[in-house]
Amino acid sequence: FLSTSLVSSLIGLILVLAIHPGSSETKELLGAGSTKQRNLDLVDNFLDLGRNLIPNNVFQASMETAITRYTEEVTGNSTIITGKTLDYRSGTNTLGIIFFCLTFGTVLGSVGPSGKPLVNLFSIIDQVIMKMVYMVMWVSPIGIASVIAAKILGVADLALVMSQLGLFMVTVCSGVFFYQFVVLQLIYFMIVRKNPYKFWWGLFQSWMTAFATASTAAALPISFRCMKENNRVDPRISKFVLPIGATINMDGTALFVTVASIFIAQMNNIPLNAGAYATVVLTSTAASIAAASIP
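Below you will find a few notes about this structure. (Residues numbered from 1 in each chain as written. Predicted model: local features only at pLDDT ≥ 70, side-chain atom pairs only at ≥ 80, totals over all residues. Heavy atoms only, no water.)

## Here's the deal with the packing of helix α7 (residues 140–153) against helix α10 (residues 204–213)
The geometry of α7 relative to α10 is characterised by a closest axis approach of 9 Å and an angle of 30° between their N-to-C directions. Here α7 lies roughly parallel to α10, going by the angle between them. Like other packed secondary-structure pairs, α7 and α10 cross with a definite hand, here left-handed. Of the residues in α10, those in contact with S140, I144, V147, I148 and K151 of α7 are Q205, M208, T209 and A212. Across the contact of α7 with α10, the residue classes tally to 5 nonpolar, 3 polar and 1 charged. (Axes fitted to C-alpha atoms, helices over the stretch in contact; angles between N-to-C directions. Helix = DSSP H or I, 4+ residues; strand = E, 2+ residues; numbered from the N terminus. Parallel < 35°, antiparallel > 145°, perpendicular 65-115°, else oblique. Left-handed = near helix turned anticlockwise from the far one by under 90°. Contact = heavy atoms within 4.5 Å. Nonpolar A, V, L, I, M, F, W, Y, C, P; charged D, E, K, R; others polar.)

Given below as C-alpha cells:
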C-alpha cells in the first residue's frame, strides 16, 4: 500500500514539473487568497494512524476518527504551532474497526464449538447487509449520474474556472488515468500474468461510484459485490483486504496533494530544489494515509 501511494506521488511530481500548470498570471486572476503558512508534522500523521489502529472505544470508532489538532499563532504571513491536542473528527475509523474485528474473529475461532452460534449470527448479518446493498445497486446508475450532474451544475462559472485552472485539472486527471490504466494494470500483469483490463472491467461499477462520490467508503460495498460476482474473488480475501485498502491506500489523494502543493509553489514563483520535492512527495504519501475515506 505504501509503495503504490509513493509511486502515485512520484507520477504527480513528474507530470506537474513537465506540464507546469502554475503561473503568476493564474494567481492574478484568482487573487492572492490566504498566504499563511501551516507547519505539518509528518510524525503526527503516523502517530494518528497508530491511535486509530487501536481505538479506545470501538463504538466511538464507528463514528469518529482520532486526529492531532494544532494550536496556532499567526505572526504576519506565517503561522507558528504553539501546541498540539488529540481530538476527534467525524468519520468512521475503518482501520480500528478492522483491527478489532480481526482480533475478535481470531479469538472467536479459537473458542471452538461454543462460539458457533455467534459465528452464525455474524454470517446472517452479513447476508442481510449484502442483500440490502444489492437493492441499492439497482438505483446506483441514476444516483451516480445525479451526483456528477450536481457537481457540474454547482460551479458558478464553468467556463471561467476551466480557463483559469484548465492545466491544473489536466495534470491531475492525466496522472490519475495514467496511474489507473497503465501503472496498476502493469503491476497486476507482472504478478498475476493475466489480462488486467478484464479484471478492471469487472470493477467498473465500483470505479464509477468512487469517481462520482470521491469516497472510497461509499464504493466499498459495491467493490465487495463486484469482486465476488464479476471477478470470482474469495470473499474472505476481499473482505479483509478491501477495507484496509479503502482506509490507507488513497493513491489519488497522494497524487492530487503532490500536484496541488507544487502548483501553488509555481503560482507564487517559489523555487524548489530536489530536497523540497522529496519532502512534498513523502508528506503527500503520509497525508493520503491519514486522510478520511469520506470527504
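## What to know about unusual backbone geometry
The phi angle of most residues is negative, glycine excepted, and most peptide bonds adopt the trans form. The phi dihedral of R193 falls on the positive side, at around 65°, and the residue is not glycine. Relative to the elements of secondary structure, R193 occurs in the loop between α8 (158–192) and α9 (196–201). In this model, N269 sits at a positive phi of 55°, which is unusual for a non-glycine residue. A relative accessible area of 57% means that N269 is categorised as exposed. (Buried < 20%, exposed > 50% of the residue type's maximum accessible area, 1.4 Å probe, protein only.)

## Some words on the nonpolar core
In this structure, I11, F168, V172, L255, V259 and I262 are the most contacted members of the largest nonpolar core, which totals 16 residues. Counting residues per element, the ones that place at least two in this core are α1 (2–19), α8, α13 (251–267) and α14 (274–290). Here this core gets 6 residues from one element, more than from any other, and that element is α13. Ignoring any residue separated from it by four or fewer positions in sequence, one finds V172 in contact with L255, F256 and V259. (Core = buried A, V, L, I, M, F, W, Y, C linked by side-chain atoms within 4.5 Å.)

## Looking at the side chain of S206
Mapped onto the fold, S206 is located in helix α10. The exposure class of S206 is buried, given its relative accessible area of 8%. Engagement of the side chain of S206 in a polar contact is seen with the side chain of S223, the distance being 2.5 Å. Those residues within four positions of S206 in sequence are excluded, and the remaining contacts are A219, I222, S223 and C226. (Polar contact = N/O pair within 3.5 Å; in protein donor to acceptor, adjacent residues only side chain to side chain.)

## Let's talk about a nonpolar patch on the surface
Taken together, the side chains of F100, F104, L121, F122, I125 and I129 define a hydrophobic patch exposed on the protein surface, amounting to about 520 Å² of accessible area. Counting residues per element, the ones that place at least two in the nonpolar patch are α5 (94–111) and α6 (116–137). Assignment of secondary structure puts L121 in helix α6. Exposure remark for L121: the relative accessible area of 43% places this residue in the partly exposed category. (Patch = residues over 30% accessible without salt bridge, like charges linked within 9 Å, V, L, I, M, F, W, Y side chains within 5 Å. Areas by Shrake-Rupley, 256 points an atom, 1.4 Å probe, with all protein chains shown as cover. Salt bridge = Lys/Arg side-chain N within 4 Å of Asp/Glu carboxyl O.)

## As for the environment of S62
The topology assignment puts S62 in the loop between α4 (58–61) and β1 (64–75). On the accessibility criterion, S62 (35% relative accessible area) is partly exposed. As a C-alpha pair, S62 and T94 span 32 residues in sequence and 7.4 Å in three-dimensional space. S62 has contacts with T92 and I97, leaving out every residue within four places of it along the chain. There is a polar contact of 2.5 Å between the side chain of S62 and the backbone oxygen of F59.

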